[in-house]
Amino acid sequence: MSWESEFASQWQKFMTIVESRICQEIDRNQKLDSEFINYIIRSEADKWSISTHYNGAWLRNLKRKYPSLGEEFKAALEELRLDKNLSFNLGLPALRLSEVIVIVCAIGIILILAWLGEPVLRQIVVTVVVALVAFPIFFNLRANQKEKAVNSLVEKIQKELEPTGQKLKNIAVRTDDIKSG
């Protein structure tokens, strides 16, 4: 297997893990900033320094066979970070399942009381029913908005990291050229 193809495989896994960790953080906190994104990038890039990790073993082998290219690769890895200030904040906090259950129970109690009580309560019931119909629509719109915002953020991160990824790939290509030449 060529140095370039091995690197391409590692880079794809690197980007997938970064994207996955970003999505996990967004799901957990509904927000994200460049500092945390750079933390994720750095922690994944640091795996090339762990000799027992696949990426680290690959870099160790590169340094052993082609010391100057190995050092150049390591230096390029250290440049791997966002320079632009990117952030994600969906705004309203997401409702947790427990909160939704409490809301549904409260609505159920109001419905029961309404059928047992006054016409004013019946008007409340109509309002609640309309809200129950609108609730899923709101959640779907919000989920679509979040998905688009996350996809946009991921694309921006990919574009930011692309030049360094290309620099790393070029080192692997040059290694293949030396190997075959």
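Computed from a prediction, not measured in an experiment: that's the story for all the values here.

Colleague: Please provide a residue-by-residue account of the overall build of the protein, values included.
Modeller: A tally of helices and strands in the protein yields six helices and two strands. Seen in sequence order, the protein has helices and strands lined up from the N terminus as α-β-α-α-α-β-α-α. Counting across all 181 residues of the protein, residues that qualify as buried make up 31%. Of all intrachain contacts in the protein linking residues separated by at least 6 positions in sequence, the fraction that spans at least 24 positions is 74%.

Colleague: Describe the packing of aromatic side chains, naming the residues involved and giving the relevant values.
Modeller: Overall, the coordinates contain 11 aromatic pairs when judged by the stated rule. Consider the rings of Trp3 and Trp58, whose centres lie 5.4 Å apart with planes at 65°: the pair is edge-to-face. Separated by 55 residues along the polypeptide, Trp3 in helix H1 (residues 3–29) and Trp58 in helix H3 (residues 54–65) bring together distant segments of the chain. Each member of the pair Trp3 and Trp58 is classed as buried. Between Trp3 and Tyr66 the ring centres are 6.0 Å apart and the planes differ by 85°, which places this aromatic pair in the edge-to-face class. With a gap of 63 residues between them, Trp3 in helix H1 and Tyr66 in the loop between H3 and helix H4 (67–78) connect regions that are remote in the sequence. Note on Tyr66: relative accessible area 16%, which makes it buried. A cation over an aromatic ring shows up here: Lys13 above the ring of Tyr54, its NZ or CZ 6.0 Å from the ring centre.

Colleague: Break down the nonpolar core for me, with residues and values.
Modeller: In terms of nonpolar packing, the biggest core is built from 34 residues, with Phe14 and Phe73 touching the most fellow members. With sequence-adjacent residues up to four places away left out, Phe14 is seen in contact with Ile41, Glu44, Ala45, Trp48, Leu80 and Leu161.

Colleague: Requested: an account of the packing of H1 against helix H2 (residues 34–45), with residues and values cited.
Modeller: Contact pair H1 / H2: the axes reach a minimum separation of 10 Å and the direction vectors enclose 145°. Helix-helix and strand crossings are classified by hand; for H1 and H2 the assignment is right-handed. Across the interface between the two elements, Phe14, Ile17, Val18, Arg21, Ile22 and Glu25 from H1 touch Phe36, Ile37, Tyr39, Ile40, Ile41, Ser43, Glu44 and Ala45 from H2. Residue composition of the contact of H1 with H2, by class: 10 nonpolar, one polar and three charged.

Colleague: Residues and numbers for unusual backbone geometry, please.
Modeller: The backbone phi angle of Gln30 is positive, close to 65°, even though this residue is not glycine. The topology assignment puts Gln30 in the loop between H1 and strand E1 (31–33).

Colleague: Break down a positive patch on the surface for me, citing the residues and quoting the values.
Modeller: A cluster of like positive charges, contributed by Arg60, Arg64, Lys65 and Lys179, occupies part of the molecular surface. Its location among the elements puts Lys65 in helix H3.

Colleague: Before we move on, could you go through the environment of Glu4 and cite the residues and values that matter?
Modeller: Looking at the element boundaries, Glu4 is found in helix H1. Looking at Glu4, the relative accessible area reads 28%, which means it is partly exposed. Residues Glu4 and Arg174 lie 170 residues apart in sequence; the distance between their C-alpha atoms is 8.7 Å. Sequence-distant contacts of Glu4, that is, excluding residues within four places in its chain, are made with Lys169, Ala172, Val173 and Asp176.

Colleague: Give a description of the pattern of salt bridges that names residues and reports values.
Modeller: Tallied over the full model, the rule gives nine salt bridges. Two residues, Glu44 and Lys47, come together in a salt bridge whose shortest N-O distance is 2.8 Å. With a closest N to O distance of 2.9 Å, Lys167 and Glu79 form a salt bridge. With Lys167 in helix H6 (residues 119–180) and Glu79 in the loop between H4 and strand E2 (87–89), this pair connects stretches of sequence that are 88 residues apart. Classification of Glu79 by relative accessible area gives partly exposed; the value is 36%. Residues joined by salt bridges that share partners form a network here, namely Arg21, Glu44 and Lys47.

Conventions adopted
All residue numbers refer to position in the chain's written sequence, counted from 1. Local features in this predicted model are restricted to residues of pLDDT 70 or higher, and side-chain atom pairs are both shown and tallied only at a pLDDT of 80 or more, whereas totals for entire chains, interfaces and linings draw on every residue. The side-chain values count all of the structure's non-hydrogen atoms but skip hydrogen atoms and water molecules. Numbering of helices and strands starts at the N terminus; helices are DSSP runs of H or I of at least 4 residues and strands are runs of E of at least 2. Burial here depends on accessible area, computed with a 1.4 Å probe over protein chains only, as a share of the maximum for the residue type. Under 20% is buried, over 50% is exposed, and the range in between is partly exposed. Residues count as neighbours in contact if any of their non-hydrogen atoms are within 4.5 Å of one another. The criterion for an aromatic pair is that two Phe, Tyr or Trp rings (for Trp, the six-membered ring) have centres within 6.5 Å, with stacked assigned to planes under 30 degrees apart, edge-to-face to planes over 60 apart and tilted to the rest. Lysine and arginine charges are scored as sitting over a ring when NZ or CZ, respectively, is within 6 Å of the ring centre and within 35 degrees of the ring normal. Residues belong to one nonpolar core when they are buried, are Ala, Val, Leu, Ile, Met, Phe, Trp, Tyr or Cys, and are joined through side-chain atoms within 4.5 Å. Angles run from 0 to 180 degrees between N-to-C directions of axes, and those axes are lines fitted to C-alpha atoms, restricted for helices to the stretch in contact. In this scheme the crossing of two helices becomes right-handed for a clockwise turn of the near helix relative to the far one and left-handed for an anticlockwise turn of less than a right angle. Gly is placed with the polar residues, together with every amino acid not listed as nonpolar (Ala, Val, Leu, Ile, Met, Phe, Trp, Tyr, Cys and Pro) or charged (Asp, Glu, Lys and Arg). Residues enter a patch when their relative accessible area is above 30% and they make no salt bridge; the linking distance is 9 Å between like charges and 5 Å between nonpolar side chains (Val, Leu, Ile, Met, Phe, Trp, Tyr). Under the convention used here, a 1.4 Å probe and the Shrake-Rupley method define accessible areas, while residue burial counts only the protein chains that appear. A carboxyl oxygen of Asp or Glu within 4 Å of a side-chain nitrogen of Lys or Arg is what we treat as a salt bridge. Positive: Lys, Arg. Negative: Asp, Glu. His and the chain ends are not part of the count. To locate a charge, the coordinates of NZ of Lys, CZ of Arg, CG of Asp or CD of Glu are taken.

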